Amino acid sequence: KPSGLPPGRWGVPLLGYIPFTTKSIEEQVTELHKKHGDIILWRMGTQSMVFLNSYKLVREAFSRSEISDRPDWETFKFFEDPAVGIGSSNGTLWHNNRRFALRQLRDLGMGKSKLVETVQQQTLILRETLAKTAGTPGEMPHQLHVSIINIIWQMVANRHFDAQDKRLKGFVKHMDDFVVLSNRLAFKDFMPWLQNIMPDFLFKILIKHHDMVAMKEKFFGYFHEEIQQHRATLDPDNPRDVIDGYLIEMESQKDDPESTCSDNDLAFLVFDLFFAGSETTVNTFIWMCYYLAAHPHVQRKLHAEIDEVLPDGVLASLAEKSRMPYTEAVANEVLRISTLVNFGIQHMASADTQLGGYSIPKGTIVSSNVYAVHEDDNNWNRPLDFLPERWLGEDGKFTMKKEGFLPFGVGKRVCVGESLARMELFILTTVIFQSFTVAPPPGKTINLVPDLSSFFFRKPKYNELVFTERK
Ligand code: HEM
């Protein structure tokens, strides 16, 4: 092991350190954190993975441009070289796309009534769906997924679909299949030498190369079709959505040799907004329902605030947000305690650098251990308890505490959809809990232990819920 690297697991060449244990990566990283401190190294295959366990280190690292690239992984790039879109790209193209996306999300996602109305409408559809099964135990209806996807479709392509729409069903299925297939690409990223010792056709079977390529064509076919339809009906003076916005920008740069715009880039940008914006929001709301079902006294306070500020079924818009500190506190506490994206999205060092007194060579993968930060008792009093009150000042007002809070990341690659996600959570929570009480089925309890089987998400485990209509 070269000197100067953070402490941790090095292992053997090519394979790195392979533990013989059934423990999840999160459990193992937690053990390494306890043993070695706030910065640890774990060599997985050929990849040097550094995990940062304190807020201070994460903020310092992710504010630096030399630790703001994405890994050069096929799992992120999907056979595009160099990567395009926003979530996986680097350099000037990423910069341009990030600026573009932030501008679009600022115009469409915050306060502008069109998207707020869409979120309200989609939440009302969810409310109707829940009303049909009120009083009977069941899982969170699929309509939640459909509603969240429709909100993104509306913003991106000015469209929405019926829950029964075949195209939407195909779209949701492709998205799930894509996640499963992309896991196979990890072989290419973590053990690239396999490609040199295996016949090409066998390696392609291993990573399901042909299935992935076929899936990519089908999936991206949707977006290219949508882009063509938009181009054919574009009115530059009245942009309808993100696709129109991009096409206008592309046209204005058509004579600029430095322009990074292309149809393919736009298709990936659209994909990134769907991908980054749907599972995250859906699962955060499921966590919200689970925590409220498990903590009826919190739910009662939430109901009281909703009834006071939004009497007689008045629909929430963003105007009420500042008068609903408890609702905001509940949302923040759910984001903290559930830690959905437990290792953030991976960054990569684009140059040799130093961090926390250790060397970080170019190419090192750097992850935040968000779970460690969210349960750090230097940042939080009784971190393992669900206490929305921790977000309220003595005057009862909501106080945003940034130190030690990382659900959306921090620094140069911080989530571009945070304001949209917060707006969705606010409207979903107020509209659904205005109408319903949620509880576990009689005699049962809610299991709040997360499913740690996936590297990227700390998903809620399956729990049955009973939504009961409020009088
Ligand atoms: C509760 C919901 C959400 C959570 C918890 C969440 C969390 C995150 C996290 C942890 C990152 C990685 C930051 C980093 O690399 O350091 C991220 C990036 C990103 N998020 Fe979100 N997100 C949510 C909703 C959304 C929504 C609604 C959208 C847009 C529709 C979105 C779009 C993105 C994009 C495009 C990136 C990549 C940014 C870049 O690479 O520069 N997210 N998000």
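Looking at an unreviewed UniProt entry, one finds the protein chain named Cytochrome P450 2L1 and attributed to Chionoecetes opilio.

Another point: the overall build of the protein chain. Secondary structure summary: the protein chain contains 17 helices and nine strands in total. Dimensions of the protein chain, computed from the C-alpha atoms along their principal axes, are close to 65 × 60 × 40 Å. Sorting the 471 residues of the protein chain into buried and exposed places 39% on the buried side. Relative to all contacts within the protein chain whose residues are 6 or more apart in sequence, the contacts with residues 24 or more apart total 71%.

Contacts to the ligand come from 26 residues, most closely from Ala276, Gly277, Gly409, Cys415 and Gly417. The set of elements that each furnish at least two residues to the shell around the ligand consists of helix H13 (263-294) and helix H17 (418-435). When residues in the shell around the ligand are grouped by element, the largest group, seven residues, is from H13. Class assignment for the residues of the shell around the ligand results in 15 nonpolar, eight polar and three charged.

As annotated in UniProt, the feature "binding site: heme" (unreviewed entry) corresponds to Cys415 in the numbering used here. Tracing the backbone through its elements, the reader meets Cys415 in the loop between helix H16 (370-374) and H17. Sequence-distant contacts of Cys415, defined by excluding residues within four places in its chain, comprise Phe408 and Gly409.

Here the focus is the nonpolar core. Membership of the largest hydrophobic core comes to 105 residues, with the highest contact counts inside it found for Val50, Val58, Val156, Val270 and Cys289. In terms of residue count, H13 provides more of this core than any other element does, 17 residues in total. Discounting chain neighbours no more than four positions away, the residues touching Cys289 are Met140, Val438 and Leu465.

A few words now on the packing of H13 against helix H15 (residues 325-338). As a packed pair, H13 and H15 sit with axes 10 Å apart at the nearest point and diverge in direction by 100°. In this view, H13 runs roughly perpendicular relative to H15, as classed from their interaxial angle. Contacts between H13 and H15 pair Thr284, Trp287, Met288 and Tyr291 from the former with Val334, Leu335 and Ser338 from the latter. Of the residues contributing to the contact of H13 with H15, the split by class is five nonpolar, two polar and no charged.

A separate point is the packing of helix H6 (residues 143-157) against H13. Axis separation between H6 and H13 bottoms out at 9 Å; the angle between their running directions is 145°. The element H6 and its partner H13 pack so that their crossing is right-handed. Two secondary-structure elements touch here, H6 through Leu144, His145, Ile148, Ile149, Ile152 and Val156 and H13 through Val270, Leu273, Phe274, Gly277, Ser278, Thr281, Val282 and Phe285. When its residues are assigned to classes, the contact of H6 with H13 shows 10 nonpolar, four polar and no charged.

Further remarks concern the sheet that holds strand S2 (residues 39-44). As summarised here, the arrangement of the five strands in space is S1-S2-S3-S7-S4, forming an open sheet in which the pairing is mixed. Two strands close off the open sheet at either side, each with one partner strand: strand S1 (8-9) and strand S4 (347-348). As defined by bridge partners, strand S3 (residues 47-52) adjoins strand S7 (residues 365-368) across four bridges and the pair is classed as parallel. Looking across to S7, one finds that Val50 is bridged to Val366. The sheet contacts of helix H1 (residues 25-36) involve S1, S2 and S3, and relative to S2 the element is tilted by about 135°. Against the sheet, helix H2 (residues 55-62) contacts S2, S3, S4 and S7, and its axis sits at roughly 125° relative to S3.

On to helix H11 (residues 209-233). The end-to-end C-alpha distance of H11, which contains 25 residues, comes to 36 Å, matching closely the 36 Å that a straight helix rising 1.5 Å per residue would cover. The sharpest bend along H11 measures roughly 30° and falls at Gly221. Within H11, the full set of buried residues consists of Met212, Phe223, Glu226 and His230. At its buried positions, H11 is contacted by H6, helix H7 (166-184), helix H12 (242-252) and H13.

Now for H13. In a regular helix each residue adds 1.5 Å, so 32 residues correspond to 46 Å; H13 covers 47 Å between its end C-alpha atoms and thus fits that length. Most of H13 sits inside the fold, with 24 of its 32 residues counted as buried.

Attention now goes to the environment of Thr280. Mapped onto the secondary structure, Thr280 falls in helix H13. You can call Thr280 partly exposed: it has 19 C-beta atoms within 10 Å. Separated by 177 residues in the primary sequence, Thr280 and Phe457 place their C-alpha atoms 8.6 Å from one another. When near neighbours in sequence (up to four residues on either side) are disregarded, Thr280 contacts Leu340, Val341 and Ala421.

Definitions and cut-offs
Every chain begins its residue count from 1, and numbering advances along the sequence as written. Thresholds applied to this predicted model are a pLDDT of at least 70 for local features of residues and 80 or more for the giving and counting of side-chain atom pairs; totals over whole chains, interfaces and linings are not thresholded and use all residues. Secondary structure follows DSSP: runs of H or I at least 4 residues long count as helices, runs of E at least 2 residues long count as strands, and numbering of each begins at the N terminus. Any residue surrounded by 20 or more other C-beta atoms within 10 Å of its C-beta is treated as buried, while 12 or fewer makes it exposed and the intermediate range makes it partly exposed; C-beta atoms here are placed from the backbone. We call two residues in contact if the C-beta atoms placed from their backbones are at most 7 Å apart. Should the C-beta atom of a residue, placed from the backbone, lie within 6 Å of a molecule or strand, that residue is near it. Throughout, the ten residues Ala, Val, Leu, Ile, Met, Phe, Trp, Tyr, Cys and Pro are labelled nonpolar, Asp, Glu, Lys and Arg are labelled charged, and all others, Gly among them, are labelled polar. UniProt positions are given in the numbering used here, feature names are shortened, and annotations may be inferred rather than shown by experiment. Working definition: the nonpolar core is a set of buried Ala, Val, Leu, Ile, Met, Phe, Trp, Tyr and Cys residues, joined through C-beta atoms within 7 Å. Note on geometry: axes are C-alpha line fits, over the in-contact stretch for helices, and angles between N-to-C directions span 0 to 180 degrees. For classification, angles of less than 35 degrees are called roughly parallel, those exceeding 145 degrees roughly antiparallel, those between 65 and 115 degrees roughly perpendicular, and all remaining angles oblique. Should the near helix be turned counterclockwise from the far one by less than a right angle, the crossing is left-handed, whereas a clockwise turn marks it as right-handed. When DSSP finds two or more bridges between two strands, those strands count as paired. Expected helix span is given by 1.5 Å per residue-to-residue step, counting one fewer step than there are residues. Bend, in this description, refers to the angle at a residue between axes fitted to the seven residues ending there and the seven starting there.

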